[in-house]
Amino acid sequence: MPDVFADLVGQDEAVVELRRAAAAAAAVLRAGATALVAAGPVSGDALAADDAATGALDPSAGMTHAWIFTGPPGSGRSVAARAFAAALQCVHGTGCGECPGCRTTMGGTHADVRLVVPEGLSIGVGEMRALVLRAASTPSGGRWQVVVIEDADRLTEAAGNALLKAIEEPPPRTVFLLCAPSTHPDDISVTIRSRCRVVPLRQPPATAVAEVLVRRDGIAPDVAQWAAAAAQGHVGRARRLARDPEARKRREAVLAVPRRLTGVGAAFDAASALIEAAEAEAEASVTESDTTERASLETALGAGGTGRGASGAIRGAAGQLKELEKRQKSRATRAQRDALDRALVDLAGFYRDALTMALRAPVAPVHTDTAALAGAGAQKWDAEGSLRRLEAVLACRAAIEANVKPRIAVEAMMLALWKG
Ligand SMILES: [Zn+2]
């Protein structure tokens, strides 16, 4: 049975640091436990012993209260945070992968591990306050209260402040694990950053990604190698490409774009096609959960009830349904942006291939299946023209990230790709 860090692909240094921290955390608990036994069941003494235990929680001791996992998308930020959470809850303090602490954490059911996965574009202050409040309680399993915040870069300012307060004055047994693309002030506030230990993850090499696809997912080696290269170090994306024919079809459509750009009209057509494909992909991913959520909320609200009090319930229900719709719309927008961003990353890979070929750089192409086409582009555009096109794709991603309307950004990009 592999331990909880086994899925963290190509991140050897981070794993060493996290193992050391988990061991230090376990030592803190052991020290605390001995002191508690020695002091007897008097609550005042128990509190003092608790303070002594947390006194060991300084960075030099290998363990600290707040962590930030950074790295490019797909590098495994949230995988690392969850694995570390499991190691903290592991009865052996190692993340063995077998004990109840490890299993329930990895399965998402541990009572002392709270996971915030933002579905919309931001994490609001209400959600954060509730979370901070619950995180301050004594861990029911006797180890740690762990709060994992995925995409901490999506915290609103007010939510960030609520979190900062908790990190500045941490409850004795609470550990915050934040995930963000980087420690740039755009992603995480300087004040939060200054209170956290940073664990930088790198883009895992394609060979490591392919290896894990073969080992864990039973994917054929040649398919795994192709998918790992095409996904550019994004483990989840590589797995989807290897397994899901729809994902492969969408990727092929994106990679057909450079061929299709034969004029202004074609550029606008290509922009529409890309936007609509992202919308369709996003819709497929959220429709099912939207319907289930609405149905369960309606059931909970007793829709169709005719008894006394039903009309009052319906008035309250309208507000809750509206709230749900708002949340679902926010999630749909996020899903669309994510789908579009994946398409842009694929497209950037194509122009990167053209650029490296024009420069005769000794690196393997990202997209082996369109390598010939990229080679033709390299001849036609030369390094300079290839670079301009690559930059147009990256500028489009940046514009969408800065809230430019996706259609406008994509149209501008397609025109730039056509004109060169
Ligand atoms: Zn364990």
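What counts and what doesn't
- Residues numbered from 1 in each chain as written.
- Predicted model: local features only at pLDDT ≥ 70, side-chain atom pairs only at ≥ 80, totals over all residues.
- Heavy atoms only, no water.
- Buried < 20%, exposed > 50% of the residue type's maximum accessible area, 1.4 Å probe, protein only.
- Helix = DSSP H or I, 4+ residues; strand = E, 2+ residues; numbered from the N terminus.
- Pairing = 2+ DSSP bridges.
- Phe/Tyr/Trp six-rings, centres within 6.5 Å; stacked < 30°, edge-to-face > 60°.
- Donors = N, O, S within 2.8 Å, 3.2 Å for Na, K, Ca; no water.
- Tetrahedral: all angles 85-135°; square planar, octahedral: opposite > 155°, others 65-115°.
- Arc of directions from axis to C-beta.

- The name an unreviewed UniProt entry assigns to the chain is DNA polymerase-3 subunit delta, from the organism Micromonospora jinlongensis.

**A short note on the pairing of strand E5 (residues 197-200)**
The two faces of a sheet get side chains in turn, since along a regular strand they alternate between them.
Consideration 1: Burial of the side chains of E5 is restricted to one face: Arg-197 and Val-199 are buried, whereas none of Val-198 and Pro-200 on the reverse face is.
Consideration 2: The pairing of strand E1 (residues 66-70) with E5 spans 4 bridges and is parallel. Residue pairing for E5: Ile-68 is matched across the bridge by Val-198.

**Here's the deal with the packing of aromatic side chains**
Consideration 1: This structure, assessed with the given rule, holds 4 aromatic pairs.
Consideration 2: With a centroid separation of 6.5 Å and an interplanar angle of 65°, the aromatic rings of Phe-69 and Phe-84 are classed as edge-to-face. Pair noted here: Phe-69 is in strand E1 and Phe-84 is in helix H3 (residues 77-89), with a separation of 15 residues, a long-range link.
Consideration 3: Under the relative-accessibility criterion, Phe-69 is labelled buried at 0%.
Consideration 4: Look at Phe-350 and Tyr-351: their rings are 5.1 Å apart centre to centre, the planes differ by 90°, and that puts the pair in the edge-to-face class.

**Section: the coordination of the zinc ion**
Consideration 1: Distances from the zinc ion to its protein donors, namely Cys-90 (SG), Cys-96 (SG), Cys-99 (SG) and Cys-102 (SG), fall within the range 2.3 to 2.4 Å.
Consideration 2: Its 4 donor atoms give the zinc ion angles of 104 to 114° at the centre, a pattern that matches the tetrahedral case.
Consideration 3: The sequence pattern describing where the donors of the zinc ion fall on their chain is C-x5-C-x2-C-x2-C. Of this pair, Cys-90 sits in the loop between H3 and helix H4 (100-107) while Cys-102 sits in helix H4; the two residues are 12 residues apart in sequence, bridging distant segments of the chain. Like Cys-102, Cys-90 is buried.

**A word on helix H10 (residues 235-243)**
Consideration 1: Buried residues of H10: Val-235, Arg-237, Ala-238, Leu-241 and Ala-242, and no others. Down the axis of H10, the sector holding all buried residues measures 160°, keeping them to one side.

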